[in-house]
Amino acid sequence: MSEVFEGYERQYCEASASLTRKCTAAAALQGEKLKQKAAEIKSGIDGAEALIRKMDLEARNLQPSIRAGLLAKIREYKSDLNNLKGALKRITSGNAQQGAREELLESGMADALGVSADQRSRLLRATERQNQTTDRLRDSHRTMLETEDLGVSILHDLSQQRQSLLRAHNVLDDVDDNIGKSRRIIGGMVRRMDRNKWIIGLIIAVLVLAILVIMYFKFVH
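Residues numbered from 1 in each chain as written. Predicted model: local features only at pLDDT ≥ 70, side-chain atom pairs only at ≥ 80, totals over all residues. Heavy atoms only, no water.

### A look at the pattern of salt bridges
Summed over all chains, the structure comprises 6 salt bridges. A salt bridge links K42 to D46, with the shortest nitrogen-to-oxygen separation between them at 3.0 Å. One end of the pair, K42, and the other, D46, are both in helix α2 (residues 31–60), 4 residues apart, so they sit about a helical turn from each other. The salt bridge partner of E49 is K85, with a shortest N-O separation of 2.1 Å. Separated by 36 residues along the polypeptide, E49 in helix α2 and K85 in helix α3 (residues 64–92) bring together distant segments of the chain. In this structure K85 comes out as partly exposed when scored by relative accessible area, which is 32%. Beyond isolated ion pairs, a larger network of salt bridges with shared partners links K22, K37 and E40. (Salt bridge = Lys/Arg side-chain N within 4 Å of Asp/Glu carboxyl O. Helix = DSSP H or I, 4+ residues; strand = E, 2+ residues; numbered from the N terminus. Buried < 20%, exposed > 50% of the residue type's maximum accessible area, 1.4 Å probe, protein only.)

Listed below in C-alpha cells is the structure:
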C-alpha cells in the first residue's frame, strides 16, 4: 500500500473519531453553543471530505491489484462521512427537540461510534504497518551504511593493490631495461670474441707460413 494513502487514511480516521465525539457532545447542547459546535463539526466534515478526495486520487494512481481494495475502503469512509453528515443534520434541525437528541444519542450515534471504533482499529493496524515499514527502512538504511563502509574498504584495498601493481610494473620495466643492456653488452663481447678468433687464426696461419718458408730455405741451401 502507498505510504501517502496510509497517511491520508490515518488522518481521516483521527478526524472521524474526533467528529463522532463532537457530534455526541453537540447533541446535548442548545442555542448559540449548538451553532458554534455545529459550525466546528461542519468544518471538520469538509476537511474529512478533502482527505477522502486525496485518498481517491492516490488510489487511482496505483496498480489495479491494489486499487480495488483501497477504493472499497474509500466507499466505507464515504458512508461513514454520510452518517456524520446525517447526524449533524439531525442535531441542527429545527425539529430536533430534546427527545430527538436523546434518540440520536441512543441510536444514531451508537452506529457512528461503532464505525469509529472500527476505524480506530484500522488506524491501529495502519500504524502498526507503518511502524513495521519504518523498522524495515531503518534496517535497510543500516544495511546500506554497512555496505557503503564495505565498499569504501574494498576500494581502499583495490587502490593499494593498484599502487603495488604499478610499482611492480615499474620494477619490471627496470628489469627489462637491464636485460636489454646486458644483451647488448653480451652481444658486443661475442662479436669481439669472434673477431679475436679470426685475428688469432690469422696470426697462427702467418706463423705456420713463416715456419714453412724458413724450413724450405734451410733445406734448400
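Read on for the rest.
### Description of the UniProt feature "transmembrane region" (unreviewed entry) in the protein chain
UniProt feature "transmembrane region" (unreviewed entry): in the numbering of this structure it lies at residues 198–217. The span residues 198–217 is 100% helix and 0% strand, and its two end C-alpha atoms sit 28 Å from each other. (UniProt positions renumbered as here; feature names shortened; annotations may be inferred.)

### Concerning the packing of aromatic side chains
Scanning all chains against the criterion turns up 2 aromatic pairs. Plain terms: the ring middles of Y12 and Y77 are 4.9 Å apart, the flat faces sit at 45° to each other, and that makes the pair tilted. Placement of Y12 in helix α1 (residues 3–26) and of Y77 in helix α3 is noted, with a sequence separation of 65 residues between them. No difference in accessibility class separates Y12 from Y77, as the two residues are buried. Ring centres 5.5 Å apart and planes at 75° place the aromatic pair Y216 and F217 in the edge-to-face group. Judged by its relative accessible area of 45%, F217 is partly exposed. (Phe/Tyr/Trp six-rings, centres within 6.5 Å; stacked < 30°, edge-to-face > 60°.)

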